[in-house]
Amino acid sequence: MNQARTFEILTAEPVRKRRKPKFRSDEEKALILAEALAPGANVSAVARAHGMDPSQLFGWRRTALASGTVRRLDKGPADETTFTRFEAVRTDLVEIWVGDTALRVSAAIDPALLVGIVKAVRRG
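Residues numbered from 1 in each chain as written. Predicted model: local features only at pLDDT ≥ 70, side-chain atom pairs only at ≥ 80, totals over all residues. Heavy atoms only, no water.

Caption draft 1: Quick look at the overall build of the protein. Of the regular secondary structure elements, the protein holds four helices and five strands. Order of helices (α) and strands (β) in the protein, N terminus to C terminus: α-α-α-β-β-β-β-β-α. Split into buried and exposed, the 124 residues of the protein put 17% on the buried side. Within the protein, counting contacts between residues at least 6 apart in sequence, those at least 24 apart form 31% of the total. (Helix = DSSP H or I, 4+ residues; strand = E, 2+ residues; numbered from the N terminus. Buried < 20%, exposed > 50% of the residue type's maximum accessible area, 1.4 Å probe, protein only. Contact = heavy atoms within 4.5 Å.)

Now the structure itself:
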């Protein structure tokens, strides 16, 4: 009864666990969300660059759109596109285009002050 036997050895890789969500401040969330909402941005690539699951960033984006804190591009009167162009770059200086006017401010600017400046530029 000594028959030849074949054994196959199986090896397994551990299942990748989901990343534990990292606590992020509201300012950090806003910067990541702004980068993800920039025209032409790849949300999954932005999420991976910041070490987070893409589903988490898609959730933030969905929540922001539903709350009204950000809105999609829409058409204004006379079929003009009305939006503020934003280009995400890693620097201490942020450049914001409002129409044909460029605002260059420090990334550490007080948000309330920036809102006032943007409103003044839009009126002028």
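Having put the structure on the table, let's press on.
Caption draft 2: Focus on the nonpolar core. By size, the foremost hydrophobic cluster in this structure holds ten residues: Ile-32, Leu-33, Ala-36, Val-43, Val-46, Ala-47, Met-52, Leu-57, Trp-60 and Ala-64. Sorting the residues of this core by element identifies helix H1 (26-37), helix H2 (43-49) and helix H3 (54-67) as the ones contributing at least two each. When sequence neighbours within four positions are dropped, the list of residues in contact with Val-46 reads Ile-32, Glu-35, Ala-36 and Leu-57. (Core = buried A, V, L, I, M, F, W, Y, C linked by side-chain atoms within 4.5 Å.)

Caption draft 3: A look at the pattern of salt bridges. Inspection of every chain in the model, using the stated rule, returns one salt bridge. Notably, a salt bridge pairs Glu-28 with Arg-24, separated by 3.0 Å at the nearest N-O pair. Given the relative accessible area of 29%, Glu-28 is considered partly exposed. (Salt bridge = Lys/Arg side-chain N within 4 Å of Asp/Glu carboxyl O.)

Caption draft 4: How the structure looks around the pairing of strand E5 (residues 101-106). Both strand E4 (residues 93-98) and E5 contribute to a ladder of six bridges, which runs antiparallel. Its bridge partner being in E5, Val-94 is matched across the sheet by Val-105. Between E4 and E5, which pair antiparallel one after the other, the connecting turn spans two residues, and Gly-99 there sits at a positive phi close to 65°. (Pairing = 2+ DSSP bridges.)

Caption draft 5: Representation of the environment of Gly-51 in the model. Along the chain, Gly-51 falls in the loop between H2 and H3. By relative accessible area, which is 44% here, Gly-51 ends up partly exposed.

Caption draft 6: Main features of the confidence of the model for the protein. Chain-level statistics for the protein give a pLDDT mean of 76 and a share of 77% at 70 or above. Of all helices and strands in the protein, the one with the weakest mean pLDDT is strand E1 (residues 74-75) (46), whereas H2 scores best (89). (pLDDT = per-residue confidence, 0-100.)

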